[in-house]
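A structural walkthrough
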Amino acid sequence: MQTPRVIKLLVFSDISCPWCYIGLQEMDRAIDQCSECPARFEVEYRPYRLNASLKDGQSFPKREWFEQRFGKEKSDTIESIISTRAKEVGLNIKLFDGVVSQTTLAHRLLTKAWKLGGQAKQLPLLTGLFKGYFEDGKNVGDIQTLAEIAASCGVMSEEETIKFLESDELLPEVEQMMLDVRKKGVTGVPFVVIDGKWAVG
């Protein structure tokens, strides 16, 4: 029996990016369609900070944030386009529910999940974070909220997650990864690197 070839996908994304959530759903479907192929996909999510001007601890109502950046008319158009595409892939994105906050804590937690158990730990957490942010209006910049999501996804207990996030563990590593990807010219996400050779934006 032929040993399946491992194809490594590095996906740079941010929890606050709706197209990253939609892209996750689309990629999962594409991988499922390759189930009969002689290949196995290893997917690792890497951090990208979309709203670099936001400071940790800051939060703003999503509608207010969008309208300050794009104006009301364009914000409504963006919401309509995203909502329509999301429904096509089975998602119920509520773009203006909840608050926008910096996602550094969430990225640290995702990196921790990868180190604890690879994609088996990271992907369920990523899905839980996206769902919490875009469908349930949760604040992914809040430590207690992140702890609840991590526990529900089987990554760590709430107590372990809070202890981890209140420390500086993995912060330098995550900051460096975000700096490196911008230095390479990546200005938008999702951004996928396939086997370290091909890039798809």
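Below is a short write-up of the structure. (Residues numbered from 1 in each chain as written. Predicted model: local features only at pLDDT ≥ 70, side-chain atom pairs only at ≥ 80, totals over all residues. Heavy atoms only, no water.)

Moving on, we come to the sheet that holds strand 1 (residues 5-13). Strand order in this open sheet of four strands is 2-1-5-6, and the pairing throughout is mixed. Edge strands, defined here as strands with exactly one partner in the open sheet, are strand 2 (39-47) and strand 6 (198-200). When the angles between neighbouring strand axes are averaged without regard to direction, this sheet yields 20°. Relative to strand 2, strand 1 is paired through nine bridges, and the arrangement is parallel. The residue bridging Leu-10 from the neighbouring strand is Glu-44, located in strand 2. (Pairing = 2+ DSSP bridges. Helix = DSSP H or I, 4+ residues; strand = E, 2+ residues; numbered from the N terminus. Axes fitted to C-alpha atoms, helices over the stretch in contact; angles between N-to-C directions.)

Where helix 1 (residues 18-33) meets helix 3 (residues 72-88), the closest approach of the two axes is 10 Å, and the angle between their N-to-C directions is 20°. It follows that helix 1 is roughly parallel to helix 3 by the angle criterion. Regarding helix 1 and helix 3, the two cross each other, and that crossing is left-handed. Residues Pro-18, Trp-19, Ile-22, Glu-26 and Arg-29 of helix 1 form the contact with helix 3, whose participating residues are Ile-81, Ile-82, Arg-85, Ala-86 and Glu-88. Classifying every residue of the contact of helix 1 with helix 3 gives six nonpolar, no polar and four charged. (Parallel < 35°, antiparallel > 145°, perpendicular 65-115°, else oblique. Left-handed = near helix turned anticlockwise from the far one by under 90°. Contact = heavy atoms within 4.5 Å. Nonpolar A, V, L, I, M, F, W, Y, C, P; charged D, E, K, R; others polar.)

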